[in-house]
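As a plain string of letters, each chain reads:
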Amino acid sequence: SQTIHQWPATLVQPVGSPLSLECTVEGTSNPNLYWYRQAAGRGLQLLFYSVGIGQISSEVPQNLSASRPQDRQFILSSKKLLLSDSGFYLCAFKGLAEAFFGQGTRLTVV
Amino acid sequence: KQEVTQIPAALSVPEGENLVLNCSFTDSAIYNLQWFRQDPGKGLTSLLLIQSSQREQTSGRLNASLDKSSGRSTLYIAASQPGDSATYLCAVSFTSGTYKYIFGTGTRLKVLA
């Protein structure tokens, strides 16, 4: 069966520190992968999507970057976190039909 | 620009009411549309998926319809219950040259006992 794993579930990081969130997918190959952010009280904003290894499309200019080193691995990174990076981050994959989401990472930058 | 909007933004109803949530999208060239539920502080739970060739999908008390020509989808919830209280999100997969999966702004539903 198709599953998606995202970790960690919660993270508190100081301003200026680096970030690495990881997402892995099982039970499918060559999925489209997505990173979304949800700020408090706001909708889901698409940050990055990837249609293949090493292929990253960025939707909004920001302090974050994404990488896809393997077919089923998607990483969200930052070299120096800002307060505005706080939010709920969701990883997703989509095959031919529906999309599946990870359980999310709640990031608080202090 | 491909956009997805949802109205109303918030809705409060007494238990037992039937209700309709709306989702609009600006580009009718879609691959599919998916409705999700999000409980506070939690991830997303998939409710219904409608492919572009379909007109509606049903699951229990939920029914979702799709009208591509008008760029609209509705989620109908029958006999609402307090446990239905959550934020409901629609997401659209557009076919026009990208693989973006765009979310609407959500409808925050509260069902009063």
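Just above sits the structure.
No experiment lies behind these values; they were computed from the predicted model shown.

Undergrad: How would you explain the state of the cysteines if you had to name every residue and give the values?
TA: Counting across every chain of the model gives 2 disulfides over all chains. Two residues share a disulfide in this structure: cysteine 23 of chain A and cysteine 91 of chain A, whose sulfurs sit 1.9 Å from each other. Between cysteine 23 of chain A and cysteine 91 of chain A the disulfide shows an S-S torsion of about -75°. By sign, it is left-handed. Residue cysteine 23 of chain A is found in strand S3 (residues 19-26), and its partner cysteine 91 of chain A is found in strand S9 (residues 87-94); the two are separated by 68 residues along the sequence. Each member of the pair, cysteine 23 of chain A together with cysteine 91 of chain A, is buried. Shown here is the disulfide that connects cysteine 23 of chain B with cysteine 90 of chain B, its sulfur atoms set 2.0 Å apart. Disulfide cysteine 23 of chain B-cysteine 90 of chain B: the torsion about the S-S bond is 75°, which places it as right-handed. Of this pair, cysteine 23 of chain B sits in strand S3 (residues 19-25) while cysteine 90 of chain B is found in strand S9 (residues 86-94), placing the two residues 67 residues apart along the sequence. By the burial criterion, cysteine 23 of chain B is buried, and cysteine 90 of chain B matches it.

Undergrad: Before we move on, could you go through the pairing of strand S7 (residues 62-67) of chain B and cite the residues and values that matter?
TA: All names here are of chain B. As defined by bridge partners, strand S6 (residues 56-59) adjoins S7 across 4 bridges and the pair is classed as antiparallel. Following the sheet pairing, threonine 58 is matched in S7 by asparagine 63. Linking S6 back to S7 in an antiparallel pair, the connection comprises 2 residues, with glycine 60 at a positive phi of about 60°. Bridge analysis of S7 against strand S8 (residues 72-77) gives 6 bridges, and the strand direction is antiparallel. Bridging across to S8, leucine 66 finds its partner in serine 73.

Undergrad: Lay out the interface of chain B and chain A with the relevant residues and their values.
TA: With 21 residues of chain B in contact, the opposing surface of chain A contributes 20 residues. Regarding the contact of chain B and chain A, the summed buried area is about 1600 Å², with carbon and sulfur atoms giving 58% of it. At the boundary of chain B and chain A, one finds 0 salt bridges. Between the two partners, chain B and chain A, sit 4 residue pairs in polar contact (both at pLDDT 80 or more). Secondary-structure elements contributing two or more residues to the side of chain B that touches chain A are strand S4 (30-38), strand S5 (44-51), S9 and strand S10 (101-103) of chain B. With 5 residues, S4 of chain B is the single largest residue contributor to the side of chain B that touches chain A. When grouped by side-chain class, the residues that make up the side of chain B that touches chain A number 9 nonpolar, 10 polar and 2 charged.

Undergrad: Could you give an account of the packing of aromatic side chains, with specific residues and numbers?
TA: Applying the stated criterion across every chain, the model contains 11 aromatic pairs over all chains. Consider the rings of tyrosine 34 of chain A and tyrosine 36 of chain A, whose centres lie 6.1 Å apart with planes at 25°: the pair is stacked. Under the relative-accessibility criterion, tyrosine 36 of chain A is labelled buried at 0%. The structure contains a cluster of three or more aromatic residues connected by ring pairs, namely Tyr34, Tyr36, Tyr49 and Phe101 of chain A together with Phe36, Tyr101 and Phe103 of chain B.

Undergrad: I'd love a proper account of the sheet that holds S6 of chain B, names of residues and values included.
TA: By way of backbone hydrogen bonds, the strands of a sheet pair with one another, either parallel or antiparallel. Residue and element names in this part refer to chain B. In space, the 5 strands of this open sheet follow the order S1-S3-S8-S7-S6, with antiparallel pairing throughout. Edge positions in the sheet fall to strand S1 (4-7) and S6, since each has one partner strand and no second. Between one strand axis and the next, the sheet turns by 15° as a mean value, whatever way the strands run.

Undergrad: Pulling in residues and values, what's your account of the sheet that holds S3 of chain A?
TA: Residue and element names in this part refer to chain A. Read from one edge to the other, the open sheet built from 4 strands follows the order S1-S3-S8-S7, with strand pairing classed as antiparallel. Sheet topology places strand S1 (3-7) and strand S7 (65-70) at the edges, where each strand pairs with a single neighbour. When strand polarity is set aside, the average angle formed by the axes of neighbouring strands in this sheet is 20°. Inspection of the sheet shows S1 paired to S3 by 5 bridges, in the antiparallel sense. What sits directly across from glutamine 6, in S3, is cysteine 23.

The rules behind the values
- Residues numbered from 1 in each chain as written.
- Chains lettered and ligands numbered in written order.
- Predicted model: local features only at pLDDT ≥ 70, side-chain atom pairs only at ≥ 80, totals over all residues.
- Heavy atoms only, no water.
- Disulfide = S-S within 2.5 Å.
- Helix = DSSP H or I, 4+ residues; strand = E, 2+ residues; numbered from the N terminus.
- Buried < 20%, exposed > 50% of the residue type's maximum accessible area, 1.4 Å probe, protein only.
- Pairing = 2+ DSSP bridges.
- Contact = heavy atoms within 4.5 Å.
- Buried area = accessible area lost by both parts, 1.4 Å probe.
- Salt bridge = Lys/Arg side-chain N within 4 Å of Asp/Glu carboxyl O.
- Polar contact = N/O pair within 3.5 Å; in protein donor to acceptor, adjacent residues only side chain to side chain.
- Nonpolar A, V, L, I, M, F, W, Y, C, P; charged D, E, K, R; others polar.
- Phe/Tyr/Trp six-rings, centres within 6.5 Å; stacked < 30°, edge-to-face > 60°.
- Axes fitted to C-alpha atoms, helices over the stretch in contact; angles between N-to-C directions.

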